[in-house]
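# Commentary on secondary and tertiary structure
Single-letter residue listing:
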Amino acid sequence: MELLAFRNVTVDFTEEEWKCLEPAQQNLHRDVMLENYRNFVFLAHALNRNPSEHAVYEQPSIIVGIV
């Protein structure tokens, strides 16, 4: 089975692109990415994965909105 990393399901914005979004769009993006991250963490725990060994635990840079 191939591991799926958090970065495989993210949408990243450049700083310039991020500034073009309305505040509501930025908040929605942040909320969705946080929910996705929580779901990844939950699934990894459900599968008894060690956080230090698996890519699903990579800290998401998109939480702050800018890559």
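To be clear, the structure that these remarks concern was listed above.
Note that the coordinates shown come from a computational prediction; the quantities given were computed from them, not determined experimentally. In this convention, every chain numbers its residues from 1, walking through the sequence in written order. This being a predicted model, a pLDDT of at least 70 is required before a residue's local features are given, and a value of 80 or more before pairs of side-chain atoms are given or counted; all residues contribute to the totals for chains, interfaces and linings. Think of the side-chain values as coming from all heavy atoms in the structure, minus any hydrogens and water.

## Quick look at helix 2 (residues 23-46)
To be explicit about the condition: Numbering of helices and strands starts at the N terminus; helices are DSSP runs of H or I of at least 4 residues and strands are runs of E of at least 2. Expected helix span is given by 1.5 Å per residue-to-residue step, counting one fewer step than there are residues. What makes two residues a contact is simply this: any of their non-hydrogen atoms within 4.5 Å.
Along its 24 residues, helix 2 runs 34 Å from first to last C-alpha, staying within 8% of the 34 Å computed at 1.5 Å per residue. Tucked into the core, helix 2 has its buried residues touching helix 1 (15-20).

## A closer look at the packing of aromatic side chains
Under the convention used in this document: Centres within 6.5 Å are what make two rings of Phe, Tyr or Trp a pair, Trp counting through its six-membered ring; a difference in plane orientation under 30 degrees is then read as stacked, over 60 as edge-to-face, and the rest as tilted. Under the scheme applied here, a residue whose accessible area is under 20% of the maximum for its type counts as buried, over 50% as exposed, and between as partly exposed, the area being computed with a 1.4 Å probe on protein chains only.
Tallying each qualifying case throughout the model produces one aromatic pair. For the pair Phe13 and Trp18, a centre-to-centre distance of 5.8 Å together with 55° between the ring planes defines the contact as tilted. You can call Phe13 buried: its relative accessible area is 18%.

## Regarding the pattern of salt bridges
Opposite charge on two side chains lets them pair, provided their charged atoms get close. Defined as follows: Counted as salt bridges are all cases of a side-chain nitrogen of Lys or Arg within 4 Å of a carboxyl oxygen of Asp or Glu.
Summed over all chains, the structure comprises one salt bridge. For Lys19, the salt bridge goes to Glu15, with nearest N and O atoms at 3.6 Å. Of the two residues, Lys19 and Glu15 are both situated in helix 1; the distance of four residues between them amounts to about one turn of the helix. Taking relative accessible area as the criterion, Lys19 reaches 61% and is therefore assigned exposed.

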